Each structure stands twice: as C-alpha cells, then as structure tokens.
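Spelled out from the first residue to the last, the chains are:
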Amino acid sequence: MDIIVRPTPKLQGEIGALSSKNYTTRYLLAAALAEGTSTVYYPAHSEDSDAMRRCIQDLGAVLEEDDEKAVITGFGKSPRNVKELNVGNAGAVLRFLMGVAALSEEVTFVNTYPESLGKRPHDDLIDALGQLGVQVEHNDGKLPITIRGGSPKGGRITVSGEVSSQYLSALLFLTPLLAEDSEITVTGDLKSKVVVGQTLEVLEQAGIMIHADEDYMFFRVPGGQSYKAQIYTVQGDYPGSAAVLAAAAVTESDVTIRNLAEDSKQGERAIIDVLRMMQVPLTHENGNVRVQGNGRLKALEFDGDTATDAVLAMVAAAVFAEGTSRFYNVENLRYKECDRITDYLTELRKAGANVEERQAEIIVHGRPEGVEGGVEINAHYDHRVIMALTVVGLRSKQPLRIRDAHHVAKSYPQYFDHLKALGADVEWVK
Ligand SMILES: O=C(O)C1=C[C@@H](OP(=O)(O)O)[C@@H](O)[C@H](O)C1
Ligand SMILES: C=C(OP(=O)(O)O)C(=O)O
C-alpha cells in the first residue's frame, strides 16, 4: 500500500501518544523470563511488539490479552525447545532473543526481511556470546543465525558498543540468569547509551540486581538471579510522537499529544528541547505536549546519538528551518532498517530538500519557502523514513506518494489515522 501525502497548511486537535515500543519489548521479555504471572498494562500493538509476543509464546510463555493489558506467565530460565523463531523486521527483538537463545539447545532465527533486517550486522553480539561458550552459526554476521546455547555459565565478556546498544542490552537480560557472576566490559564508543538506561530501569523493576558504572562501560552482574513476576505500565512513546510533533512544527497548528511523561528515560524526549531551540511555540505540562506552530523554525546543531529514533523527524523539521542545521554523531543510523543517512537523504532530495551527508552527520540547508514535492518516495522498509517523509509532504508544493508506506506498522500502525484526525490530507492507495 502507498500513501499520498498532500499539502496541508493546518493541523489541529488532540491525540493520545502510542505506547512505547522500547518499554513494551522489554516488559514482555522481562515477564517471559519470570516464572510467575506478570501483567503489562497498555503494551504497544505493532509489528515489532507482536514479534516479541509471538516469539516469547513460541519459547513457552503463556499470554492472554485484552484491550488494556497482557497477562503473561513466563518460562523463567527454561525456554521451550523451538526450532525456529521469526522476529519479522525487529532489530531489538532479534538481539534480545539471541541472548535468551543461549539458554536453549538450538534455535534458528529465520531471515524474513532480507532487504532490511537481513542486511543488519550482529557480529559484536555473536562474538560476545562466543565468549560465553555459545556456538553461533551465521551468514557473515547476518541472518539466518543458529544459536546452540546449552548451559553458558557466565564470566568475563567484552562487547563493542560502536554499532548498537542492543548487543549490550541483550547481555544484560541474559547474564543474571546464568549460574555464575559475569563482568561485562564495553569497548569503543557506546552508541545509544540512553537506551541502556531503559534496560537497567526495567531490570530493576523486575527485581534484577546489576552494578553499573556511571558511564555504562562496565557492569558486574551477580549470577543465579530470577526475574520477579510484576505489574508493569508502558509509558507513551517519544520516537513515534516526535514525527507528529515535527508535523505540527512545520504547519500552522494547535496540536496536543497526551501521555508523554516529562521525566521519561527515553532519549527521544529531546524532541521537545529541539523544537524549543528551533523556536517552535510549545508547552509540556502534566504529560501533555502542545505545539502551536506558525510554520517558522530556526536551524540548530544537535548530537543525534542522544535521541537516535527521533533524528529523522528532527531532520524533516529542519528541512523548513531558516539556516543550516547539523545533526552529528549519528553514524549508527546507517545500521538501522535502512541506511538512514544515505537512503533517507536520497528520498529527501527527491522531494526537493537541500541536504548533505558525512559519514556520521546530516547537514540540512533549510528551505523555509517549502519544497517542490510531486515525486514518488521509496520507503526502504523503514517506518521512520515513512513518518519523516510524511512531515515533508505536508509542506511540499505538490503531493508526495510514499510507496509501501504500510511498513509504518513496524512501530506506529495508527500514524496516518492520528494525522488524519489532526486534519492531514493523507490517503491510502493500492
Ligand atoms: O534497545 C532498544 O530497544 C533500541 C535501541 C536503539 O538501537 P541502537 O542501540 O542500535 O541504536 C533504537 O534505535 C531501537 O529502536 C531500539
Ligand atoms: C531502529 C529501530 O528499531 P530496531 O533496531 O529495533 O529494529 C527503530 O525503531 O527505529
């Protein structure tokens, strides 16, 4: 399915934020790793969260769900033997479950998105699991991957943080369950460091003890621990909401998103500060973010690694800002659902944006007068490219047609319904 995004000068209204993807994957996993019955309130419903639901059930968790909650009886330290797991296109789900698979005899992760997740590297996690004595068969560090776990005991592990924080998070979920204590040393520059804070927060809520150095470069993990069955509540999602807020910022708007906690550990909360720095009129009180856009924005410089999943939306806003913006420290955007620097900028240029790339930077020469549009966009299987190009389309002179925009459902299936409710002129076409 494609989406046509037509120029929309005004957005107005109020929506509730979608539920956080990162907390949903973590709570579902923590519940599966516990032996009792946990409840997760307001879990996200999207392809990635469904991938976690499907896989933990394949591994033996029992899940019952109604409109507001998932009730999960976990498998604890003993996942059921299963031949294959299908994580869809979900990177975090794959990496976390590669860790859990170390507790199984033999599991193969199949390659169902050869053009997206199938191209992403997992070498650093494969190497770390190898240090625990886990055998991993792989296709040059990529899917399909077969893990023969058996019974790793723990010990000293080093893991590179250069490409993704998900490898470290995977080890933090696994090692408390091993018989012996572990020490994890992170090498290189740890990317998406703030997301590790979300992992530690969830582990603490699950009753797991981890001694973490303040800079997250060294961890002592006591072995022989158990995840406690708990009641969890998923907070609102900043990365997805960032795209809606960017849409409000580039139009004449009065848009409110509810349920975005001021004190959230999500780094993408920085969308609020970034839009403020861009001089977009905005308030954030009692979990309500209200943007009263006037279409005028100022350029800025920003360390994108602190808010990795919101950078594309910020760049989309910067396309219409006065001046030149620079998003630096973003090299690991190249290892996501697509190359979010080269592929994304190719699509932005098609739409008429003036953008440049460096290995680890996106530079945007703003065009407050708007961009031409009138082209077809390749989504590159990437939900965040789809959301960001939609923001650009709302302020293009001619409509944009985004091909295969249904991939937005990886994290935010209701994105276009939400935009429509705010008055955006968007239409699904076959
Ligand atoms: O741990 C997680 O849930 C995630 C970590 C981040 O990935 P990287 O650590 O690869 O940047 C983020 O982009 C992804 O959407 C979710
Ligand atoms: C990169 C993302 O997800 P993942 O790495 O989990 O596939 C994302 O949601 O933008």
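The model shown is predicted, which means the values in this text are computed figures rather than measured ones. (Residues numbered from 1 in each chain as written. Chains lettered and ligands numbered in written order. Predicted model: local features only at pLDDT ≥ 70, side-chain atom pairs only at ≥ 80, totals over all residues. Heavy atoms only, no water.)

**Examining the site of ligand 2**
- The immediate surroundings of ligand 2 are formed by 14 residues, with Lys 21, Gly 91, Arg 120, Arg 384 and Lys 410 found nearest.
- When atoms are counted within 2 Å of each cavity's grid points, the one that captures over half of ligand 2 is the largest cavity.
- Of all elements in the fold, only helix H3 (91-101) and helix H11 (383-394) reach the threshold of two or more residues within the shell around ligand 2.
- Its residues assigned to classes, the shell around ligand 2 comprises two nonpolar, four polar and eight charged.
- Residue assignment places the shell around ligand 2 across two domains, with domain 1 (2-18 + 236-429) and domain 2 (21-221) each supplying three or more. (Near = heavy atom within 4 Å. 1 Å grid on protein atoms, 1.4 Å probe; cavity = no way out; pocket = protein on both sides within 12 Å on 5 of 7 lines; lining within 4 Å. Sits in = over half its atoms within 2 Å of the grid points. Helix = DSSP H or I, 4+ residues; strand = E, 2+ residues; numbered from the N terminus. Nonpolar A, V, L, I, M, F, W, Y, C, P; charged D, E, K, R; others polar. Domains from an automatic or database assignment.)

**Observations regarding H3**
- Burial analysis of H3 places 11 of its 11 residues in the buried class, which makes it a mostly covered element.
- Looking at H3, one finds that the buried residues are Gly 91, Ala 92, Val 93, Leu 94, Arg 95, Phe 96, Leu 97, Met 98, Gly 99, Val 100 and Ala 101.
- Contacts from the buried residues of H3 go to helix H1 (21-32), helix H2 (47-58), strand E7 (107-109), helix H4 (123-131), strand E9 (142-148) and helix H5 (166-174). (Buried < 20%, exposed > 50% of the residue type's maximum accessible area, 1.4 Å probe, protein only. Contact = heavy atoms within 4.5 Å.)

**A look at the domain arrangement of the chain**
- Here the chain is described as being made up of domain 1 (2-18 + 236-429) and domain 2 (21-221).
- Distance from the C-alpha centre of domain 1 to the C-alpha centre of domain 2: 29 Å.
- Tallying the contact residues gives 20 residues for domain 1 and 25 residues for domain 2.
- In this assembly, domain 1 packs against domain 2 so that about 1900 Å² is buried in total across both faces, 48% of it on carbon and sulfur atoms.
- When residues of domain 1 are sorted by the area they lose upon contact with domain 2, Lys 265, Tyr 335 and Lys 410 head the list and together hold 32% of the total.
- Notably, a salt bridge pairs Asp 48 with Lys 410, separated by 2.7 Å at the nearest N-O pair.
- Counting across the interface, domain 1 meets domain 2 through eight residue pairs in polar contact (both at pLDDT 80 or more). (Buried area = accessible area lost by both parts, 1.4 Å probe. Salt bridge = Lys/Arg side-chain N within 4 Å of Asp/Glu carboxyl O. Polar contact = N/O pair within 3.5 Å; in protein donor to acceptor, adjacent residues only side chain to side chain.)

**Some details on the side chain of Asn 89**
- Residue placement: Asn 89 occurs in the loop between strand E6 (84-85) and H3.
- Here Ser 116 takes part through its side chain, which lies 3.1 Å from a polar atom of the side chain of Asn 89.

**Thoughts on empty space enclosed by the protein**
- Taken as a whole, this structure holds two cavities of 30 Å³ or more when the rule is applied.
- Its boundaries defined by the atoms lining it, the largest cavity holds a volume of some 290 Å³.
- Along the wall of the largest cavity there are 24 residues; nearest its centre are Lys 21, Arg 120, Gln 166, Asp 309 and Lys 336.
- Of the residues in the lining of the largest cavity, the class split is four nonpolar, nine polar and 11 charged.
- Of the domains in this structure, domain 1 (2-18 + 236-429) and domain 2 (21-221) are the two that each give at least three residues to the lining of the largest cavity.
- Each pocket or cavity is described by its volume, and for the second largest cavity that value is around 60 Å³.
- Ranked by residues supplied to the lining of the second largest cavity, first place goes to H11 with three residues.
- Residue classes in the lining of the second largest cavity are distributed as seven nonpolar, no polar and two charged. (Points joined across faces, edges and corners; volume = space filled by probe spheres on them.)

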